[in-house]
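Tertiary structure, described
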Amino acid sequence: MSYDVLEKELRLLPESYLEDVAKYIQFLLYQHEQERMAPLAESDEEFQAKMRMGLDDVREGRYTPLEKAFADIKHSLV
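Remarks on the confidence of the model for the protein chain
Counting all residues, the mean pLDDT for the protein chain is 83, and 92% of those residues have values of 70 or more. Ranking the helices and strands of the protein chain by mean pLDDT puts helix α3 (residues 44–59) first, with 88, and helix α4 (residues 66–77) last, with 83.

As structure tokens, then:
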């Protein structure tokens, strides 16, 4: 998914989702930084499919509330 396509998709989301989307993007950037030196485990097609599925989930209201997501992450690290 190109930057331009992603930008257009994000602009179509309701404004109420933007804070959670921004935090999700920050999380993805963090993951990317952590795995930057590791070899890419998925193809571009797989990555684009996952991004499309994530955007579709947000649009359809299928997402974990932010507080629960961070609680789950914190719990998994313990």
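Side note on the packing of aromatic side chains
In this structure the tally under the stated criterion is one aromatic pair. With a centroid separation of 5.8 Å and 80° between ring planes, the pair formed by Tyr17 and Tyr63 is classed as edge-to-face. Within this pair, whereas Tyr17 is found in the loop between α1 (3–11) and α2 (18–35), its partner Tyr63 is found in the loop between α3 and α4, the two being separated by 46 residues in sequence. Judged by its relative accessible area of 16%, Tyr17 is buried.

Considering the environment of Met51
For Met51, the location among the structural elements is in helix α3. Using a relative accessible area of 17% as the deciding quantity, one classes Met51 as buried. Residues within four places of Met51 in sequence aside, it is in contact with Met1, Leu6 and Leu28.

A closer look at the side chain of Glu9
Here Glu9 shows up in helix α1. Assessed through its relative accessible area of 15%, Glu9 is described here as buried. Excluding residues within four positions of it along the chain, Glu9 makes contact with Arg52, Leu55 and Arg59.

Looking at the pattern of salt bridges
One pass over the full model with this rule turns up seven salt bridges. With its nearest N and O atoms 3.0 Å apart, the salt bridge here joins Arg59 to Asp56. Of the two residues, Arg59 and Asp56 both sit in helix α3, three residues apart, roughly one turn of that helix. Exposure remark for Arg59: the relative accessible area of 31% places this residue in the partly exposed category. Judged by relative accessible area, which is 29%, Asp56 ranks as partly exposed. Lys68 is paired through a salt bridge with Asp72; the nearest N and O atoms lie 3.0 Å apart. Of this pair, Lys68 and Asp72 both sit in helix α4, four residues apart, which is roughly one turn of that helix. A residue is classified by how much of its surface remains accessible, and Lys68, at 47% relative accessible area, is partly exposed. Since its relative accessible area comes to 38%, Asp72 is described here as partly exposed. Overlapping salt bridges bring together Glu9, Arg52, Asp56 and Arg59 as one network.

Parameters at a glance
- Residues numbered from 1 in each chain as written.
- Predicted model: local features only at pLDDT ≥ 70, side-chain atom pairs only at ≥ 80, totals over all residues.
- Heavy atoms only, no water.
- pLDDT = per-residue confidence, 0-100.
- Helix = DSSP H or I, 4+ residues; strand = E, 2+ residues; numbered from the N terminus.
- Phe/Tyr/Trp six-rings, centres within 6.5 Å; stacked < 30°, edge-to-face > 60°.
- Buried < 20%, exposed > 50% of the residue type's maximum accessible area, 1.4 Å probe, protein only.
- Contact = heavy atoms within 4.5 Å.
- Salt bridge = Lys/Arg side-chain N within 4 Å of Asp/Glu carboxyl O.

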